[in-house]
Amino acid sequence: MNTEQQLVGLIKVNKEKYYRVAFAYVKNKEDALDIVYNAIIKALQKIDQLRNGNYLETWFYRILINESISFVRKNKNTAYLDELPDSQLPLTEDYNREQYMTLYSAIDHLPPKLKSVVLLRYFEDMKLDEIAEITSTKLSTVKARLYKALELLKIDIEGMDYD
């Protein structure tokens, strides 16, 4: 199986994961689908530049995240978190919709590099060394970004008004 076929298989198996990552950036179904589509097109166009097929998934995640960040910068869309259906929120007895909205809002206000680390770690359940590969940074940088993001989230959430 050639690398292009491997990429197509990877995308078919993980399409929901890739959509979730894009959606976490834009909070809009159509925009998230556009981002995934653009990432797929870009990956297929540049598949010959991939030197090691063992890093195919990491390589595609990097393209997807870069497309997501680029889309947000270009469009500067306002995400209306209140419009998210409850089915997309992991509601439990311990947490209600308002608390999840507060968390998502705080994550949206993080700088892109910090937001990427948080999304990959906690929403995609990736290990720190995988995140380091995807973001092309050292493991110590990923740890520092995650720590900084968690500190900012703590401050941001604590500073919100709960009338």
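Preceding this paragraph is the structure being described.
Overview of the structure. Per chain, residues are indexed from 1 in the order of the written sequence. In keeping with the model being predicted, local features are shown solely for residues with a pLDDT of at least 70 and side-chain atom pairs are shown and tallied solely at 80 or more, while totals for entire chains, interfaces and linings include all residues. For side-chain calculations, the full set of non-hydrogen atoms in the structure is used, while hydrogens and water are omitted.

1. As for the packing of aromatic side chains
So, point 1. Aromatic rings from Phe, Tyr and Trp, taking only the six-membered ring of Trp, are treated as a pair when their centres fall within 6.5 Å; an angle between ring planes under 30 degrees marks them as stacked, one over 60 as edge-to-face, and anything in between as tilted. Applying the stated rule across the entire model yields 3 aromatic pairs.
So, point 2. When the ring of Y19 is compared with that of F23, the centres are 5.8 Å apart and the planes differ by 35°; the resulting orientation is tilted. Highlighted residues: Y19 and F23, both in helix α1 (residues 3–26), separated by 4 residues, approximately one helical turn.
So, point 3. Exposed residues in this analysis have more than 50% of their type's maximum accessible area, buried residues have under 20%, and partly exposed residues fall in between, with area computed by a 1.4 Å probe over protein chains only. Y19 sits in the partly exposed class, given a relative accessible area of 22%.
So, point 4. The ring of Y122 carries the charged tip of R121 above its face, separated from the ring centre by 5.6 Å. Helix and strand definitions here come from DSSP, where helices need a minimum of 4 consecutive H or I residues and strands a minimum of 2 consecutive E residues; each element is numbered from the N-terminal end. In this analysis the charged atom, NZ for Lys or CZ for Arg, is taken to sit over a ring once it is within 6 Å of the ring centre and within 35 degrees of the ring normal.

2. Considering the pattern of salt bridges
So, point 1. The term salt bridge refers to a pairing of a side-chain nitrogen on Lys or Arg with a carboxyl oxygen on Asp or Glu at a separation within 4 Å. For the coordinates displayed, the defined rule picks out 6 salt bridges.
So, point 2. With its nearest N and O atoms 2.6 Å apart, the salt bridge here joins K42 to E67. Taken together, the residues span a long stretch of sequence, with K42 in helix α2 (residues 29–45) and E67 in helix α3 (residues 56–75) at a distance of 25 residues.
So, point 3. Judged by relative accessible area, K42 falls into the partly exposed class, the value being 33%.
So, point 4. With a relative accessible area of 13%, E67 lands in the buried category.
So, point 5. As a salt-bridge pair, K115 and D108 come within 3.1 Å of each other at their nearest N and O atoms.
So, point 6. When its relative accessible area of 6% is taken as the criterion, K115 is described as buried.
So, point 7. If you follow the salt bridges from partner to partner, you end up with K27, D108 and K115 in one network.

3. Considering the packing of α1 against α3
What describes two packed helices is the angle between their axes and the distance between those same axes.
So, point 1. Packing of α1 against α3 leaves a shortest axis separation of 10 Å and a crossing angle of 35°. Once α1 is placed against α3, the crossing between them reads as right-handed. Only L56, E57, W59, F60, Y61, L64, I65, S68, I69, F71 and V72 of α3 make contact with α1, whose side of the interface consists of T3, Q6, L7, L10, I11, N14, K17, Y18, V21, A22, Y25 and V26.
So, point 2. Considering only residue class, the contact of α1 with α3 consists of 17 nonpolar, 4 polar and 2 charged. Here an angle of 0 to 180 degrees is reported between the N-to-C directions of two axes, which are lines fitted to C-alpha atoms, with helices fitted over the stretch in contact. Here a crossing is called left-handed whenever its near helix is offset anticlockwise from the far helix by less than a right angle, and right-handed whenever the offset is clockwise. It only takes one pair of heavy atoms within 4.5 Å for two residues to be counted as in contact. Three residue categories are used. Nonpolar comprises Ala, Val, Leu, Ile, Met, Phe, Trp, Tyr, Cys and Pro, charged comprises Asp, Glu, Lys and Arg, and polar comprises the others, including Gly.

4. Looking at α3
So, point 1. By this rule, a helix spans an expected 1.5 Å times one less than how many residues it contains. For α3, with 20 residues, the first-to-last C-alpha span of 28 Å sits near the 28 Å given by 1.5 Å per residue.
So, point 2. Inspection of α3 places L56, T58, W59, F60, Y61, I63, L64, I65, E67, S68, I69 and F71 among the buried residues, and these make up the whole buried set.
So, point 3. Here the buried face of α3 lies against α1, α2, α5 (112–123) and α6 (128–135).

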